[in-house]
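Tertiary structure, described
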Amino acid sequence: MAATDEVAGTAEEPAVVSAVRSGGADAFSSVTEPYRRELRAHCYRMVGNLEDADDLVQDTLLRAWRARSGFEGRSSLRAWLYRIATNVCLDAIKRTRRRVRVLDAPPGSGRAPSFDEVPWLQPFPDRLLEDEVPGGDEPEAAVVAKETIELAFLAAVQHLPPSQRAVLILRDVLGWSASETAEALNGSVAAVNSALQRARARLRELGQAGRLAWSPVVPPTREERLVVQRYMDAHARADAAAVIELLGKDVRFSMPPTQARFEGRPAVAAFFVDLFGVGNPGDWRLVPTRANGQPAVANYVRAWGETEFMATTLDVLRIESGRLIEITTFDARTFPAFGLQLTWTGPEPKQ
């Protein structure tokens with residue numbers, strides 16, 4: 001379907017239509033730029049990679065600019081942009097041909113996906129979600145539902161075929177109707193309903209709750225803050241025992257894009273004993289942040305004999321009942337997106 005065709009929905013205001021179609025570059029940017037943040041989140045869900053999502057948003061706005069004469073306002077500008085963004089993402093997925101690597105369990109096994117199965121997965125800074133949606137009563141407010149931005153959801157969605165992925169996100173995350181989704185994807189309502197049914201079933205197999213159980217992103221609880229502070233303090237002391245005390249029985253520790261994975265308290269405990277023992281690279285300092293609606297910490301290390309702390313890894317934490325049940329570690333290339341320095345020499349790193 002050409003980018004000039006629009007999905008059904010609420011008609012756009014004439015002034016906005018005029019700005020898109022004939023208002024020039026500045027006018028076009030003034031009406032489309034407010035959607036950049038939510039389009040970034042949408043593209044991120046589609047591809048699981050923040051750097052790619054930023055590029056895809058740029059491609060979306062460029063494609064919209066080139067197709068601006070076809071926007072007649074029969075749908076909202078938001079719907080038109082989402083439709084273009086979805087197809088931009090599908091085109092990119094076809095080009096890259098990335099494949100999830102299931103390391104130790106076949107589909108249907110009931111095992112939740114591990115993040116190292118999605119080597120291109122990157123964390124999403126919570127600060128990029130702020131003020132993403134103007135109103136909480138619109139269907140698009142679901143774009144900030146906590147479960148739809150968490151790493152577990154992202155990893156599971158990447159297991160879906162591209163068409164099912166697009167249908168699930170448009171229908172369940174954005175709240176589009178079957179007919180709107182079919183028009184956007186140049187398919188039939190029957191095909192959309194079938195794809196949605198298969199996608200939901202696969203997500204259930206991967207341990208993901210349905211859309212009725214989704215909740216909004218909320219500030220960290222006092223319990224979460226206490227656990228994060230204890231985790232940070234333990235690192236500052238290179239105290240493996242203190243970290244181990246925080247671990248849940250079935251804790252899982254993974255480090256995408258590598259295939260390193262530790263499952264269960266004994267395995268993760270052994271990792272920290274080694275890290276803070278013979279493998280300890282120097283003095284540790286951690287900085288709290290938020291990623292994917294979850295608590296996270298940025299790790300800095302000052303090597304023995306050096307004066308400067310260097311960015312090393314970013315840990316995204318899942319905490320339940322006062323225990324760490326998942327630690328997902330990403331490399332220092334993620335720091336700039338979180339507004340974090342790569343080096344520092346003062347008493348505390350700046351964010």
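Residues numbered from 1 in each chain as written. Predicted model: local features only at pLDDT ≥ 70, side-chain atom pairs only at ≥ 80, totals over all residues. Heavy atoms only, no water.

**Section: the pairing of strand E6 (residues 323–331)**
By the bridge criterion, four bridges tie strand E1 (residues 247–254) to E6 in an arrangement that is parallel. By the bridge assignment, Ser-254 is partnered in E6 with Thr-328. Here strand E5 (residues 309–320) pairs with E6 via eight bridges, running antiparallel. From the neighbouring strand, Asp-315 faces E6, where its bridge partner is Thr-329. The turn linking E5 back onto E6 is made up of two residues, and Ser-321 within it adopts a positive phi angle of 55°. (Pairing = 2+ DSSP bridges. Helix = DSSP H or I, 4+ residues; strand = E, 2+ residues; numbered from the N terminus.)

**Comments concerning the confidence of the model for the protein chain**
Summing up the model confidence of the protein chain, the mean pLDDT is 88 and the portion of residues at 70 or higher is 87%. Note on residues 1–8: pLDDT is under 50 here. Beyond four places in sequence and across chains, it has 28 contacts. Scored below 50 in pLDDT, residues 132–143 makes 29 contacts in the model with residues more than four places away or belonging to other chains. (pLDDT = per-residue confidence, 0-100. Contact = heavy atoms within 4.5 Å.)

**What to know about the packing of aromatic side chains**
Evaluated as defined, the whole model comprises 15 aromatic pairs. A centroid spacing of 5.2 Å and a plane angle of 75° characterise the contact between Phe-28 and Trp-65, whose relative ring orientation is edge-to-face. Remark: Trp-65 occurs in helix H4 (residues 50–66) and Phe-28 occurs in helix H2 (residues 24–32); sequence separation between them is 37 residues. Taking relative accessible area as the criterion, Phe-28 reaches 6% and is therefore assigned buried. Residue Trp-65 is classed as partly exposed on the basis of its relative accessible area, which comes to 25%. (Phe/Tyr/Trp six-rings, centres within 6.5 Å; stacked < 30°, edge-to-face > 60°. Buried < 20%, exposed > 50% of the residue type's maximum accessible area, 1.4 Å probe, protein only.)

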